[in-house]
Amino acid sequence: MMQHSLATLTIITLVGVCQALIPATPGEQTRRAIISTRDTISKIREANKPPRIYIDYLIPLPPATSDADIDPWPAIIVGGLAQQYPYAEEIVREILAGVVEDSTPEKCSSQVISASDCCGLFIQESPNSPGLDVAAIVFPSPDQLENMKQIEQMVGDKRAMIVFNRQYTRAADFGFFKKGESQQFLDKFEWAFAFQEIACRGEDVKLTFEQSTGWKASVIDENGQEIDVMDDSWDTATRPDYLELEKKINEIIPEPLWMRKMGEVQEKGFKFQRKQ
């Protein structure tokens, strides 16, 4: 009976771990990114297609960041990317070393594509075969379209190419006259891993993509609790639509954040009124 109970507890514990929607630590995010990227590359190669993949990695805030910092990663300006780049470089090198089997960090080379745009290229060599090398371009913007096309040709059909934390979302971002050209290029890519955060109905929403599960969405409430806001009818191969997310959040969490905060004030008073 005791053995049965322990077995049941183990199964429940494993299921609980598997159901965690978002990575709890940067180390876990990196581990999950490596696993999902390897699985995605394998799936694409089995389909006899060139591996072209996206990774969106939520770069951790600097250790010195305090609650008073409103925007520690001002990514919409070049200065923000310049601050992030050293952290991104370390992360990319770790992911590439994990993705390329039997390789080591020393086998990774890099070069600057655009210093002003903080865009770089990393190539992880495989000790087993040149065809298993993996290239990663970091922080590419629409200005790097020609660079990306040249790199894609250099990589060839067998080797994998990763676009890491792209600074565009759609073909229209490349301008009206390059919309068709850029769409042809973007159509070659698919998601390998994503950990994104957005604001929806004022809530802190986390979106994740992994090859084993597809897209997932959760809200982190004011108490730090993770609330699954995916609908069973949604296609997990497609990133959740904003309006559909908003509708689902309204269904699961009827009271908006500001209303819940007002209830907290009425119950506990303002923070400066509370006893230490």
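Not measured: the values here are computed from a predicted model. The written sequence of each chain sets the order in which its residues are numbered from 1. The predicted nature of this model means local features are confined to residues of pLDDT at least 70 and side-chain atom pairs, given and counted, to a pLDDT of 80 or more, with totals for whole chains, interfaces and linings taken over all residues. Hydrogens and water are ignored here; the side-chain numbers use all heavy atoms of the structure.

Student: Give a description of the sheet that holds strand 9 (residues 226-228) that names residues and reports values.
Tutor: At least two DSSP bridges between two strands are needed for those strands to be called paired. Runs of H or I in DSSP of at least four residues are treated as helices and runs of E of at least two as strands, each being numbered from the N terminus. Ordered by their spatial adjacency, 9 strands build an open sheet running 2-3-4-5-1-6-7-8-9, and the pairing between neighbours is mixed. Single-partner strands in this sheet number two, and they are strand 2 (108-114) and strand 9. Averaged over neighbouring strand pairs, the angle between their axes works out to 25 degrees when direction is ignored. Relative to strand 7 (residues 203-210), strand 6 (residues 190-200) runs antiparallel, the two being bridged by 8 bridges. Bridging from a neighbouring strand, Q196 pairs with L207 of strand 7. Against the sheet, helix 2 (residues 26-46) contacts strand 1 (52-56), strand 5 (160-164), strand 6 and strand 7, and its axis sits at roughly 135 degrees relative to strand 6. Only the stretch in contact is used when fitting a helix axis, every axis being a line fitted to C-alpha atoms; angles between N-to-C directions are given from 0 to 180 degrees. Between two residues, a contact is recorded if the distance between any of their heavy atoms is within 4.5 Å.

Student: Tell me about unusual backbone geometry, and name the residues and values.
Tutor: The backbone of N48 sits at a positive phi, close to 60 degrees, despite the residue not being glycine. Inspection of the secondary structure assignment puts N48 in the loop between helix 2 and strand 1. Accessibility here uses a 1.4 Å probe with only protein chains present; expressed as a share of the type maximum, an area under 20% marks a residue as buried, one over 50% as exposed, and anything in between as partly exposed. Given a relative accessible area of 72%, N48 falls into the exposed group. Positive phi is not limited to glycine here, since N165 has a value of about 50 degrees. Residue placement: N165 occurs in the loop between strand 5 and helix 5 (179-186).

Student: So what's going on with the confidence of the model for the protein chain? Which residues, and what values?
Tutor: For every residue, the predictor reports its confidence as pLDDT, a number between 0 and 100. The predicted model of the protein chain has a mean per-residue pLDDT of 86, with 80% of residues at 70 or higher. Scored below 50 in pLDDT, residues 1-19 shows 0 contacts in the model against residues more than four places distant or in partner chains. Across residues 72-79, confidence stays below pLDDT 50; counting only partners more than four residues off in sequence or on other chains, it has 19 contacts.

Student: A description of the environment of R52 should follow, citing residues and the corresponding values.
Tutor: Within the fold, R52 resides in strand 1. Between the C-alpha atom of R52 and that of F189, which follows or precedes it by 137 residues, the distance is 4.7 Å. The residues contacting R52, other than those within four sequence positions of it, are I44, E152, V155, G156, D157, R159, A160, M161, K188, F189 and E190. Here a polar contact means two N or O atoms within 3.5 Å. Within protein one must be a hydrogen donor candidate and the other an acceptor candidate, and residues neighboring in sequence count only if both atoms are side-chain atoms. Polar side-chain contacts of R52 include one of 3.0 Å to the backbone oxygen of R159.

Student: Talk me through the packing of aromatic side chains; I want residue IDs and the actual numbers.
Tutor: Here a pair means two rings of Phe, Tyr or Trp (six-membered ring of Trp) with centres within 6.5 Å. Their orientation is stacked below 30 degrees between planes, edge-to-face above 60, and tilted elsewhere. The tally for this structure, following the rule as stated, stands at 9 aromatic pairs. Pairing F185 with F189 gives two aromatic rings, centres 5.2 Å apart and planes at 55 degrees, and the pair type is tilted. As far as burial versus exposure is concerned, F185 and F189 are alike and both buried. Taken together, the ring pairs connect Y54, F185, F189, W191, F209 and W215 into an aromatic cluster.

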